[in-house]
Amino acid sequence: MSTSTSASGLDSIADAAPSSLCAREPRVPADRLVAEMVPPPRFDSVRFDTYIPDPNQPSQTEAVHVLDAFAAGLGGAQAAGSGKRGFLGFGKKAAKAPAGPRGVYLDGGYGVGKTHLLASLWHATPAEPSLKAFGTFVELTNLVGALGFQQTVQTLSGHRLLCIDEFELDDPGDTVLVSSLLARLVEAGVALAATSNTLPGKLGEGRFASVDFLREIQGLSAHFRSLRIDGEDYRHRGLPEAPAPYSDEQVTKAAYATPGASLDDFPHLLDHLARVHPSRYGALTDGITAVCLTDVQPVPDQSTALRLVVLADRLYDREVPVLASGMPFDRLFSEEMLNGGYRKKYFRAISRLTALARDAKDLVGTRKA
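Anyway, here's the lowdown on the structure attached to this text. Computed from a prediction, not measured in an experiment: that's the story for all the values here.

A separate point is the overall build of the protein chain. Scanning the protein chain from terminus to terminus reveals 13 helices and 8 strands. Residue burial in the protein chain is summarised as follows: out of 369 residues, 51% are buried. Looking at the protein chain alone, contacts between residues at least 24 apart form 84% of all its contacts between residues at least 6 apart. Working note: accessible area of the protein chain is about 16,100 Å², and carbon and sulfur atoms make up 52% of it.

The structure is reproduced here in structure tokens:
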């Protein structure tokens, strides 16, 4: 379906045409991958005291207390001339590193605030940003691909903390790669924190996730304390339903009227995502203030669906509103997908796109009846 509208329909809106994501083919240098290993813009200002625990879920309050104490324990910087530092900074020599868990794993379903807490831990850790790293599992594997394994170890081994969001347990090869990397970093005294997704075929919302995670990282399991975080998806707690899709004309007019917006036909965008490596999806949205999509329809296959999940994550991280026509976002994925091994990813994508659709309501004036 075309994203164009009549000339007369555009008379009263901005002259500058919106950009197109499909016209972008970003190239991301390795040094940018390293520099961007910080919490994404959506989580710039989050802190433990901005996390609002559900009073009916005491595990959420407990997680805040445990993580706050964990961050405080990272305060002992490597002393000048002390050689290899002890784990968590509790001693100037490696021999004095305490036994016990060397990291934390946040276990829970989507939308309970795991990323908020992980980013809060990063912010609360008393160290310069250059000594802390935060990224998704995909971003970490992309870093290894860009720098090579040994260079990545060297780059991160001087850090005090490495936070890994959405540790992917559905790719055995990448899991082994990252587990090996983490083992080297633990030896160097780096503290670890992680969240994860469940393995394909594992339908447990959270209680199976920690078991899967600790098993898959094998020798590293003793280094993690698992923190269970119960609760409902906060994005739907007491919030209004996502707005119904708009018309093609409304979406197009909004795109022309919004400086920095992009405008794309949804099926064409899905095709374009297949030609851009997922590590570049963040760069794909550089400078975009709103994403406008026409003719949203169910994704045709699982490979396409998984790419869309990555794009949804990057848009959510950057707080880019999404205005769309066609089908509502809760109909993007087939029942087979929603009942399969990647169901948590798809539900997370629906949840995040729904939140971004709410954010886009102000882009459209009075809707047609």
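Past the structure itself, the notes keep going.
Our next topic: the sheet that holds strand E1 (residues 103-107). Here 5 strands make up an open sheet; going across it, the order is E2-E3-E4-E1-E5 and the pairing parallel. Since the sheet does not close on itself, it has two edges, and those belong to strand E2 (132-136) and strand E5 (224-228), each with one partner. Across this sheet, the average inter-strand angle for adjacent strands is 15 degrees, counted without regard to direction. Sheet strands touched by helix H3 (residues 114-124): E1, E2, strand E3 (161-167) and strand E4 (191-196). Its angle to E3, the strand with the most contacts, is close to 170 degrees.

Now for unusual backbone geometry. Unlike most non-glycine residues, Asp295 shows phi in positive territory, near 60 degrees. With respect to the helices and strands, Asp295 occurs in strand E7 (residues 290-296). We note that Glu319 has phi near 55 degrees; this positive angle belongs to a residue other than glycine. Relative to the elements of secondary structure, Glu319 occurs in the loop between helix H11 (302-317) and strand E8 (322-326).

Its location among the elements puts Thr141 in helix H4 (residues 137-147). Polar contacts involving the side chain of Thr141 include one to the main-chain carbonyl oxygen of Val138, which spans 2.8 Å. With sequence-adjacent residues up to four places away left out, Thr141 is seen in contact with Asp174 and Val178.

Considering only enclosed or pocket space, the second largest pocket measures out at about 500 Å³ in volume. Lining the second largest pocket are 24 residues, with Val138, Glu168, Pro278, Val310 and Lys345 positioned closest to its centre. Of all elements in the fold, only H4, H11 and helix H13 (343-359) reach the threshold of two or more residues within the lining of the second largest pocket. Counting residues per element, the lining of the second largest pocket draws most heavily on H11, which supplies 6 residues. A class-by-class count of the residues in the lining of the second largest pocket yields 10 nonpolar, 4 polar and 10 charged.

Residues Leu117, Leu121 and Phe333 are the most contacted members of the largest nonpolar core, which totals 63 residues. Sort the elements by how many residues they give to this core and H11 lands first, with 8 residues. Aside from chain neighbours lying at most four places away, what touches Phe333 is Val299, Ala305, Leu308, Leu338, Tyr346, Ala349 and Ile350. Of all hydrophobic cores here, the second largest spans 23 residues; its members include Met37, Ile164, Leu181 and Leu220.

Taken in spatial order, the 3 strands of this open sheet run E6-E7-E8, and their pairing is parallel. In this open sheet, the two strands that pair with only one neighbour each are strand E6 (261-265) and E8. Direction aside, neighbouring strands of the sheet carry axes that sit 15 degrees apart on average. As paired strands, E7 and E8 are joined by 4 bridges and run parallel to one another. Bridged to Cys292 within E8 is Leu323.

With 6 of its 6 residues buried, E4 lies for the most part within the structure. Residue alternation in E4 divides its side chains into two sets, Ala191, Ala193 and Thr195 and Leu192, Ala194 and Ser196, and both sets are buried. Summarising the sheet, E1 and E4 pair through 4 bridges and their orientation is parallel. Residue Leu106 lies in a different strand from E4, and its bridge partner there is Thr195. Pairing of E3 with E4, which is carried by 5 bridges, proceeds in the parallel orientation. In the strand pairing of E4, Phe167 is matched with Ser196.

Scoring rules and cut-offs
Residues numbered from 1 in each chain as written. Predicted model: local features only at pLDDT ≥ 70, side-chain atom pairs only at ≥ 80, totals over all residues. Heavy atoms only, no water. Helix = DSSP H or I, 4+ residues; strand = E, 2+ residues; numbered from the N terminus. Buried < 20%, exposed > 50% of the residue type's maximum accessible area, 1.4 Å probe, protein only. Contact = heavy atoms within 4.5 Å. Areas by Shrake-Rupley, 256 points an atom, 1.4 Å probe, with all protein chains shown as cover. Pairing = 2+ DSSP bridges. Axes fitted to C-alpha atoms, helices over the stretch in contact; angles between N-to-C directions. Polar contact = N/O pair within 3.5 Å; in protein donor to acceptor, adjacent residues only side chain to side chain. 1 Å grid on protein atoms, 1.4 Å probe; cavity = no way out; pocket = protein on both sides within 12 Å on 5 of 7 lines; lining within 4 Å. Points joined across faces, edges and corners; volume = space filled by probe spheres on them. Nonpolar A, V, L, I, M, F, W, Y, C, P; charged D, E, K, R; others polar. Core = buried A, V, L, I, M, F, W, Y, C linked by side-chain atoms within 4.5 Å.

All quantities given are derived from atomic positions and should not be read as evidence of function.
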